[in-house]
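Geometric and topological summary
So you can see what is in the structure, the chains are spelled out below.
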Amino acid sequence: MRLSPTARQETDIDWRSVRTRPSSNFRWLLRQLATIFLAHALIVLATFFLLLLGDALFTSYALVLKDAVFVSYVAQLGWLQRMAAEFKGAVAFVIAVSAALQMILVVFRAITE
Amino acid sequence: MRIWLEDGTFHMAAALRAVGVGLATAAWMSVLTAHIQLPTDARTYAGIGASLVATALTQILFGSRPPSMTVVDLLQPIERDILAVARERSAGDPEELRFVAAQVVAQAAGEIRHNRRLPHDRRAWLRNLADRLSG
């Protein structure tokens, strides 16, 4: 049976009463922070693994085409760029900033709401 | 699905979004500053600043509360089931229907907050909650 819009309004659940009782205790907060840390750690690992995989693929391509000087040169250059400490540092920096901000926001929302 | 898994998915999505936007901004800024031939130090500062701002904006603008903070996000999709169970118990009385629905929602929220898994047979679970209320 389909209810008319008016009837639906009458029977709708008042979600505000549930919303006003947040379950943000200290243990909950710790669990959220740990989850955020874990999510970002996974992203760091995945990013570095993808970089490594890209290099491996390109290097193997360069090895197969031994005589193609350009491919070999590009593979070397790509490896130097992607694996440079600055590049990896920049990736780690962005991920760390994101983790810190996400943690701060969750703590802020847990305290204020 | 367990509530911690919902939270994990939520945090993972937020992290991927913020990191993606931050890295894309840093890369874009790097290309841009190389194109206009800025000095190395200025390029570094520009990249750091841009990625910081982009990540912060993404987290602030698109971030929301985790599902377990208020369990509304988990219960709202089963609103129809809750109302159906409340309708069964209320015998057509709208006032009673609202009361039963509110009680079932409160019970369900309590159970979820105590880390109970959201069962597949939601109607049966909600009926069980309503039965517990009535008797």
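Residues numbered from 1 in each chain as written. Chains lettered and ligands numbered in written order. Predicted model: local features only at pLDDT ≥ 70, side-chain atom pairs only at ≥ 80, totals over all residues.

Residue and element names in this part refer to chain A. Of all residues in chain A, 73% attain a pLDDT of 70 or more, and the chain-wide mean is 78. Taken element by element, chain A is modelled with least confidence in helix H1 (residues 5-11), mean pLDDT 49, and with most confidence in helix H5 (residues 85-112), mean pLDDT 90. Across residues 1-10 the pLDDT falls below 50, and counting only partners more than four positions away or on other chains, this stretch makes three contacts in the model. (pLDDT = per-residue confidence, 0-100. Helix = DSSP H or I, 4+ residues; strand = E, 2+ residues; numbered from the N terminus. Contact = placed C-beta atoms within 7 Å.)

Before going further, it helps to examine the packing of helix H4 (residues 79-90) of chain B against helix H5 (residues 94-113) of chain B. Residues and elements named next belong to chain B. Relative to each other, H4 and H5 sit at 130°, their axes nearing to 8 Å. Viewed along their axes, H4 and H5 adopt a mutual orientation that is oblique. Considering only the axes of H4 and H5, their crossing is right-handed. Side by side, H4 and H5 meet where Ile82, Leu83, Val85, Ala86, Arg87, Arg89 and Ser90 of the first sit next to Glu96, Leu97, Val100, Ala101, Val104 and Val105 of the second. Of the residues belonging to the contact of H4 with H5, the class tally is nine nonpolar, one polar and three charged. (Axes fitted to C-alpha atoms, helices over the stretch in contact; angles between N-to-C directions. Parallel < 35°, antiparallel > 145°, perpendicular 65-115°, else oblique. Left-handed = near helix turned anticlockwise from the far one by under 90°. Nonpolar A, V, L, I, M, F, W, Y, C, P; charged D, E, K, R; others polar.)

Attention now moves to the interface of chain B and chain A. At the interface, 40 residues of chain B touch 30 residues of chain A. Elements with a contribution of two residues or more to the side of chain B that touches chain A: helix H1 (3-35), helix H2 (40-62), helix H3 (72-75), H4 and H5 of chain B. Ranked by residues supplied to the side of chain B that touches chain A, first place goes to H1(B) with 13 residues. In terms of residue class, the side of chain B that touches chain A is made up of 24 nonpolar, 11 polar and five charged.

Below, the discussion takes up H1(B). In this model H1(B) runs 48 Å from its N-terminal to its C-terminal C-alpha over 33 residues, within 8% of the 48 Å that 1.5 Å per residue would give. Residues B:Ile3, B:Asp7, B:Gly8, B:Phe10, B:His11, B:Ala14, B:Ala15, B:Ala18, B:Val19, B:Gly22, B:Thr25 and B:Ala26 constitute the buried set of H1(B). Buried residues along H1(B) sit in contact with helix H3 (26-64) and H5 of chain A together with H2, H3 and H5 of chain B. Just downstream of H1(B), B:Gln37 is the residue with a positive phi angle, here 55°. (Expected span 1.5 Å × (residues − 1). Buried ≥ 20, exposed ≤ 12 C-beta atoms within 10 Å, placed from the backbone.)

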